[in-house]
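Chain residues, written in single-letter form:
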Protein chains: 2
Amino acid sequence: MPVKLTGNACIGQSGGPTVVINQSLVGAIQESAKHPEIQKFLGARHGVRGIMEEDFLDLATIPADRLETLAVTPAAALGSVRLKPGPKECERVFDVFKKHNIRYFFYIGGDDSAKTAHTVNDLAREADYEFRTFHIPKTIDNNLMENDHTPGFGSAARFVANAVRGDDLDNRSLPGVKVDIIMGRDAGWLTAASILARRRDGDSPHLVYLPEAPIAMDQFTKDVAQAFERYGRCVVAVSEGIRDPAGKLWAERLAEESDADLVTDAFDHFQLSGTGALADYLTTRIKAVLAHVPDLRVRGDTFGYLQRSFPGFHSAVDAAEARMVGRDAVRYACVGDVDGSVAIKREDARAYKAYTEVVELEAVAGKNREVPSEYVNAEGNNVLDTFKDYAMPLVGDLPETAVL
Amino acid sequence: MPVKLTGNACIGQSGGPTVVINQSLVGAIQESAKHPEIQKFLGARHGVRGIMEEDFLDLATIPADRLETLAVTPAAALGSVRLKPGPKECERVFDVFKKHNIRYFFYIGGDDSAKTAHTVNDLAREADYEFRTFHIPKTIDNNLMENDHTPGFGSAARFVANAVRGDDLDNRSLPGVKVDIIMGRDAGWLTAASILARRRDGDSPHLVYLPEAPIAMDQFTKDVAQAFERYGRCVVAVSEGIRDPAGKLWAERLAEESDADLVTDAFDHFQLSGTGALADYLTTRIKAVLAHVPDLRVRGDTFGYLQRSFPGFHSAVDAAEARMVGRDAVRYACVGDVDGSVAIKREDARAYKAYTEVVELEAVAGKNREVPSEYVNAEGNNVLDTFKDYAMPLVGDLPETAVL
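Below or above, wherever it landed, is the structure these notes cover. The structure presented is a predicted model; accordingly, all values stated were derived computationally and were not measured.

**Comments concerning the relation of the copies chain A and chain B**
Reasoning step 1: Rotating chain A by 180° and moving it 0.0 Å along the rotation axis overlays it on chain B with an RMSD of 0.0 Å. Both copies are brought into coincidence by an operation consistent with a two-fold rotation axis. Relative to the rotation axis, the C-alpha of Gly276 of chain A is the closest in chain A, positioned 2.1 Å from it.
Reasoning step 2: The share of interface residues of chain A whose copies in chain B are also at the interface is 98%, consistent with both copies meeting through the same surface.

**A short note on the pairing of strand E6 (residues 177–182) of chain A**
All names here are of chain A.
Reasoning step 1: In terms of burial, E6 is a largely internal element, six of the six residues being buried.
Reasoning step 2: By the alternation rule, side chains of E6 split into Val177, Val179 and Ile181 and Lys178, Asp180 and Ile182, which are all buried.
Reasoning step 3: Pairing of E6 with strand E9 (residues 298–302) involves five bridges; the strand directions are parallel. Paired with Lys178 across the strands is Arg299, a residue of E9.

**Here's the deal with the pattern of salt bridges**
Residue and element names in this part refer to chain A.
Reasoning step 1: Summed over all chains, the structure comprises 47 salt bridges over all chains.
Reasoning step 2: Of the charged contacts in the structure, one is a salt bridge between Asp168 and Arg172, with a shortest N-O distance of 3.2 Å. Residue Asp168 and its partner Arg172 are both found in helix H6 (residues 153–173); the two are separated by four residues, about one turn of the helix.
Reasoning step 3: By relative accessible area, which is 4% here, Asp168 ends up buried.
Reasoning step 4: One salt bridge in this structure joins Lys178 and Asp301, with 2.8 Å as the shortest N-O distance. With Lys178 in strand E6 and Asp301 in strand E9, this pair connects stretches of sequence that are 123 residues apart. The same class applies to Lys178 and to Asp301, which are both buried.
Reasoning step 5: Here the residues in one salt-bridge network are Asp168, Arg172, Arg200, Asp203 and Arg233, joined through shared partners.

**Observations concerning the sheet that holds strand E1 (residues 7–13) of chain B**
All names here are of chain B.
Reasoning step 1: Taken in spatial order, the seven strands line up as E3-E2-E1-E4-E5-E10-E11 in an open sheet, and their pairing is mixed. Of all the strands in the sheet, the pair left with one neighbour each is strand E3 (56–58) and strand E11 (354–359). If you compare each strand with its neighbour and ignore which way they point, the axes differ by 25° on average.
Reasoning step 2: In terms of strand pairing, strand E10 (residues 339–346) meets E11 through six bridges, oriented antiparallel.

Rules used throughout
Residues numbered from 1 in each chain as written. Chains lettered and ligands numbered in written order. Predicted model: local features only at pLDDT ≥ 70, side-chain atom pairs only at ≥ 80, totals over all residues. Heavy atoms only, no water. Least-squares fit on C-alpha atoms with pLDDT ≥ 70 in both. Contact = heavy atoms within 4.5 Å. Buried < 20%, exposed > 50% of the residue type's maximum accessible area, 1.4 Å probe, protein only. Helix = DSSP H or I, 4+ residues; strand = E, 2+ residues; numbered from the N terminus. Pairing = 2+ DSSP bridges. Salt bridge = Lys/Arg side-chain N within 4 Å of Asp/Glu carboxyl O. Axes fitted to C-alpha atoms, helices over the stretch in contact; angles between N-to-C directions.

And the structure:
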């Protein structure tokens, strides 16, 4: 028989939202209703900040049909936060937990959020406070260790692949060079997903650059010029986290060159999203190299926040799995597991099937899972079609298109 | 009885593509099959350029089921072109028409394309060449005179409204200031459509700037600061065609200030799309004005080419009407109308219904239809909810979302 721990539960959302992050919230709410040992199920507004300010919402009061609408609503319904709690903040969180008899803590987020959960968990252990903590995975970056993939990735990948397919068609209409900047600071999974747009010979992206394959600017412009010569046009997918051979972010280097302010967040991350500077820099360099081509169109788009927030275009598999990880976190806690991170695993079977396991918080916290080099071509400027076997089941079929 | 004119027909696509431009192509192909006086139906690759180079495709050979996939494929399947043909080019076009016994010419495009059709038509008249020319409307900008709205607008507006709704949710999650740059050089229709994202009190966009309401930078940043104070966050929709009180494009002014190259196209249009420079400029100015707010997130996205090319997210009404204008152009030509532009009109009835009429090419060619001032608030920084009555039927219902 599982050891029952009676008390209240608290759930929070953290980091960059996704279009399925509320699926996990709803999965946890629905599952907790089945466990009488969870007395109150409290939602913390804006993650740990809401806990510190005792800004809670009683989630049991939300009607069932409203929960289903909430589940398909992008972005963190409870509010999110980018905060790296220090010892003082963690102390405060812990005091609030004790005050409200919170015995279960679920934190939906990426590797930084797993770190926060890990820290709070350590405090509880030291204080001998009976407590169960689970990190619920979420990130469009797909970069959590121990996971085959992460909730949020499939839907963002679906958006990216579909956007690049549309862009390929647009570029066929009005040929030129097009640079698309795709999210992913430390891992190129989302940028790699752009190749799901390729179906026919000559389809773009013609070049793909990941943070895992550092490249010099001269090589980049040379690649683009070659591809343009070959196809008479060129669509390039570039990760915002692209790095030079010294391992430095291009975005950071160009900001230094232009004397722009370096904006960093609470985790000392340099700001990459919400600016078109990298795309504009690359198009300027490409124009210089292809200056001999008359009337050449060179354009750059930064897909930006739409990748993680566009409603109504999620992956069905991703939505179901995001619900599953929220549900399973509560189940694991209620059958007596004490702490951990819920991880998605893939069955080694012909047809795609996923399940969850509990892994150590430490194995996920603050770590980064890169795209394996086996998916990158020798030149480091493209992703191989074998990646489709991995990613396609997570994304689902894309809308049909035809070319003449 | 209509006067039958026997010969071949030619169709081309021109200007910036849309997600429903191939609906018009398919509508014309399907209708022409019903008229034996149209012998061959030729598609010109890349508009007038394809005509000059005699680069034609026999469109009658495309199987029916492939036509339906083609219809839902974004971007110009025949290829598009940005070319302003001069007297010499028009002469060449005309020679090719005579050589191939082309008696019908259909040109799918915006106001620039109507101008091209008009010029070719004049040549035919002068030469006493029996000939029928129709301009088929297409533009996400919705700026064609004589039209209630244009094919392509409804789908682009649907994308923009849905993107801003997602952005609103993202901004609620992680509050800050967000600037979204939306396409539309000379008219703010598409930017105005961002307000379709608003449903509840406090929903964004909180501010909306159209080319029709010029504004000084100081007033803009003052507006943003005020909105931020009121809502604790702020999402701003800005047209790429925003102008200062002297009528000058902001984008052009800032390019001059930064000594950047001014890129112009064949129509002497300054390049606005395919760059994030305007958004980055605005976020920099906003950061300066709100420098006293600690840890303020200020981000900018430029929606870019996705607005006109994202597959599988079109408006059903827009798709049907794009098919209709293609079909009707062929019908008008075959019942004896000699030339004109097909225009969409709206029935003055309770339920939304549209139909087409033929209007003078001259009335559309090279002209711009602005957003009427009745839709803009007195301060010139927002669009009134009455605009929804106009735009909502063209866009259709958006995916449901909920907030806690």
